[in-house]
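Observations on the three-dimensional arrangement
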Amino acid sequence: MNKDLTVGKPEAVLWRFCLPLFGSVLFQQLYNIADSLVAGKFVSENALAAVGNSYEITLIFIAFAFGCNMGCSVMVSQLFGAKDYSGMKTAVSTACIFSAVLCGLLMAVGIGGCGPLLRLIRTPEEVFADSALYLDIYVWGLPFVFFYNIATGIFSALGDSRTPFLFLAASSLSNIGVDILFVKTFGMGVSGVAWATFLCQGVSCVLAVTVVWRRLKKIEAQGSSVLFDWGILKKILVIAVPSILQQSFISIGNIMIQSVINGFGPSVMAGYSAAVKLNNMVITSFTTIGNGISNFAAQNLGAGKYGRIREAFRAGIKMVWCLCVPFCILYLLCGRYLLLLFLETDSGEALLTGMQFLWILSPFYFVVSAKLVADGILRGISAMGQFMAATLLDLALRVVLAFVLPQWIGNAMGVWAAWPMGWTVATALSIFFYRKKVPADV
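Residues numbered from 1 in each chain as written. Predicted model: local features only at pLDDT ≥ 70, side-chain atom pairs only at ≥ 80, totals over all residues. Heavy atoms only, no water.

1. Structural notes on the pattern of salt bridges
What counts is decided by this rule: In what follows, salt bridge is the name for a side-chain nitrogen of Lys or Arg lying within 4 Å of a carboxyl oxygen of Asp or Glu. The secondary structure listing takes helices from DSSP runs of H or I that are at least 4 residues long and strands from runs of E that are at least 2 residues long, numbered from the N terminus. In this scheme, a residue with accessible area under 20% of its type's maximum is buried, one over 50% is exposed, and one in between is partly exposed, where area comes from a 1.4 Å probe on protein chains only.
Counting across every chain of the model gives three salt bridges. The salt bridge involving D160 is made with R215; its shortest N-O contact spans 2.9 Å. Of this pair, D160 sits in the loop between α5 (142-157) and α6 (162-185) while R215 sits in helix α7 (residues 190-217), placing them 55 residues apart in sequence. Of the two residues, D160 and R215, both sit in the buried class. For the salt bridge of D375 with K371, the shortest nitrogen-to-oxygen distance reads 2.5 Å. With D375 and K371 both in helix α12 (residues 365-380) and four residues apart, the pair spans about one turn of that helix. Residue D375 shares its accessibility class with K371, and that shared class is buried.

2. Some thoughts on the side chain of N149
Rules: Working rule for contacts: check all heavy atoms of both residues, and any pair within 4.5 Å makes them a contact.
Note that N149 resides in helix α5. According to the relative accessible area criterion, N149 is buried, its value standing at 16%. Excluding residues that lie within four positions of it along the chain, N149 makes contacts with A65, F66 and N69.

3. Here we look at the state of the cysteines
The condition that has to hold: To count as a disulfide, a pair of cysteine sulfur atoms needs to be within 2.5 Å.
Applying the stated criterion across every chain, the model contains zero disulfides. Here C205 is not disulfide-linked; the sulfur of C103 is the nearest cysteine sulfur, at 9.6 Å. Just so you know, C334 is unpaired, no disulfide at all, and the nearest cysteine sulfur is the one on C328, 12 Å from it. With relative accessibility at 30%, the residue C334 sits in the partly exposed group.

4. Remarks on the nonpolar core
One recurring pattern in soluble globular proteins is that nonpolar side chains are buried together. Using the following cut-off: Definition used in this section: a nonpolar core is a set of buried Ala, Val, Leu, Ile, Met, Phe, Trp, Tyr and Cys residues joined via side-chain atoms within 4.5 Å.
In terms of nonpolar packing, the biggest core is built from 84 residues, with F286, Y331, L339, F357, W416 and W419 touching the most fellow members. Broken down by element, the residue count for this core peaks at 17 residues, all from helix α9 (residues 266-303). For L339, the residues in contact, after removing those within four places along its chain, are A274, A275, L278, L351, G354, M355 and L358. Core analysis: the second largest hydrophobic core is formed by 49 residues, I60, M75, L118 and A157 among them.

5. Remarks on the packing of aromatic side chains
Put simply, the test is: Working definition: rings of Phe, Tyr and Trp (its six-membered ring) pair if their centres are within 6.5 Å, and the pair is stacked with planes under 30 degrees apart, edge-to-face with planes over 60 apart, and tilted otherwise. In this scheme, Lys NZ or Arg CZ marks a charge over a ring once it lies within 6 Å of the ring centre and within 35 degrees of the ring normal.
Per the stated rule, a full pass over the model turns up 18 aromatic pairs. Ring centres of Y365 and W423 lie 6.3 Å apart, and the angle between their planes is 40°; on these two criteria the pair is classed as tilted. Pair noted here: Y365 is in helix α12 and W423 is in helix α14 (residues 413-441), with a separation of 58 residues, a long-range link. Taking the relative accessible area as the measure of exposure, Y365 reaches 0% and is therefore buried. Classification of W423 as buried rests on a relative accessible area of 3%. Connected via pairs of aromatic rings, a cluster forms that spans F286, F327, Y331, Y365 and W423. It is R119 that lies over the ring of F128; its NZ or CZ is 3.8 Å from the centre.

6. What about the confidence of the model for the protein?
The criterion, for reference: Values of pLDDT, which run from 0 to 100, indicate the predictor's confidence residue by residue.
Mean pLDDT for the protein: 81, with 92% of residues reaching 70 or above. Looking over the protein, one finds the lowest element-wise mean pLDDT in helix α1 (residues 10-42), namely 71, and the highest in α12, namely 89.

7. Remarks on the environment of V415
Mapped onto the secondary structure, V415 falls in helix α14. Accessibility expressed as a relative area gives 0% for V415, which makes it buried. Not counting chain neighbours up to four residues away, the residues in contact with V415 comprise I257, V260, I261, A402 and P406.

8. Concerning the environment of A240
Following the sequence through the fold, A240 ends up in helix α8 (residues 230-262). Expressed as a C-alpha distance, the spacing of A240 and F66, which sit 174 residues apart in the sequence, is 8.2 Å. Setting aside anything within four residues of it in sequence, one finds A240 in contact with G67 and G71.

9. Thoughts on the packing of α6 against α7
What counts, and what does not: The convention used is that axes are lines fitted to C-alpha atoms, helices contributing only their stretch in contact, and that angles between N-to-C directions extend from 0 to 180 degrees. Note on terminology: angles under 35 degrees are roughly parallel, angles over 145 are roughly antiparallel, angles of 65 to 115 are roughly perpendicular, and the others are oblique. Handedness of a crossing follows from how the near helix is turned relative to the far one, being left-handed for an anticlockwise turn of less than a right angle and right-handed for a clockwise one. Ten residues, namely Ala, Val, Leu, Ile, Met, Phe, Trp, Tyr, Cys and Pro, are considered nonpolar, four, namely Asp, Glu, Lys and Arg, are considered charged, and the remaining ones, Gly among them, are considered polar.
Look at α6 against α7: their axes get within 8 Å of each other, and the N-to-C directions meet at 160°. As the angle between them shows, α6 and α7 are arranged roughly antiparallel. Where α6 crosses over α7, the handedness of that crossing is right-handed. Residue composition of the contact of α6 with α7, by class: 12 nonpolar, eight polar and two charged.

10. Re the packing of α8 against helix α13 (residues 384-409)
Geometry of a packed helix pair, given as the angle between the helix axes and the separation of the axes. Taken N-terminus to C-terminus, the directions of α8 and α13 make an angle of 5°; their axes are 10 Å apart at the nearest point. One element, α8, and the other, α13, form an angle in the roughly parallel class. Here the residues of the contact of α8 with α13 are counted per class, giving 18 nonpolar, six polar and one charged.

11. Looking at a nonpolar patch on the surface
Here is the rule we go by: Patch rule: a residue counts if its relative accessible area is over 30% and it has no salt bridge; like charges are joined within 9 Å, and nonpolar side chains (Val, Leu, Ile, Met, Phe, Trp, Tyr) within 5 Å. Surface accessibility in these figures is a Shrake-Rupley result with a 1.4 Å probe; residues are shielded only by whichever protein chains are displayed.
Together, V241, L245, F249, I252, M256, L392 and F403 make up a nonpolar patch on the protein surface, roughly 510 Å² of accessible area in all. Every element with two or more residues in the nonpolar patch is listed here: α8 and α13. Looking at the nonpolar patch, the element that brings in the most residues is α8, giving five residues. Relative to the helices and strands, V241 resides in helix α8.

12. Observations regarding the side chain of T288
Formally: Side-chain atoms alone can form a polar contact between residues adjacent in sequence; in general such a contact is a pair of N or O atoms within 3.5 Å, and within protein one must be able to donate a hydrogen while the other accepts it.
By secondary structure assignment, the location of T288 is in helix α9. At 2.8 Å, the side chain of T288 forms a polar contact with the backbone oxygen of T284.

Right, dumping it as structure tokens:
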């Protein structure tokens, strides 16, 4: 059901709204975790390396889908908060048309460009064929990725985080079963992993789009809405383009970092692939809560309730730090056993690589989570210049240090150390921008 985020105690409202979002992101991560787990356990270490190597490239496509999600979601949130339901429906249809065109262009690029990109990042020959196969199948499923993101963005804008959670939970659990069926029973290898994701994402997308379309039809609007509006598109792009650039730059940066990691060989690649899945589950959880805070801030901005936005920051910090404690303890004390879910052996370079990665990064979750809460506020109030500045600083530091530190240290630990250094500096900048922007302009 739709939920007005402009009424009620902000902290309680955010907890009720964001908890299903957190559940959704855990199930979303099950897609990638299941792919890596099944590839590593039932195919080979090289297959795990191939899926992890391909994943960094898929994040570029996801960046565009995420940008469309945020542009639509923030715009719809502001119009919903202002009770402009006619404009809200126009924003939805405009975002869908723009996303369809963008998705088609990306598919054309992906079909011909993934192979050269794999060569560019120095993908080893022993994992190249499987990496290319996984990406080829993934690209054909991009429409599902785009329109599922649009649908979940609309649900969030309307204050409903529960419905997409239910869809995603069912789809993610199904993906695990189909992964195992295709790989272990049918012997399809890496292609089975990719096709399982394709099918399950397709089902989730169709269900989400159908339900959100019916939900919007029930909202009565004064005046008629139009199918496409250039003015609204420009407002959507003000949010979407910086979000796309943010995620794209992060993905490109990660690909550059992946090229450094690839130079250490398949074992380090496999260990990193396993550990980064666990890390991404945490970071994506923080990001999702930040997205929920963006919706909260956008609705309250539309309603002119500015004080609630400041309260949302304090509540958001409490929420993400409550998540940091169990994740940090789990990865520091039990990281070895979690990594063994992906790896075939309990010794060797791959396992040591993954453990070092988790030991170095997990204590700094308290730092980066604060950044993502501040970023959520900045995006919700359309302060995209400040949002981009903090994000790009983080990325630039991590990429440069990932190239420099391994040469000083002499091993891959230098790459892992780049993460907390970039996080710390960028967090300080994000919080500075939040404190400066919110009291003055909101």
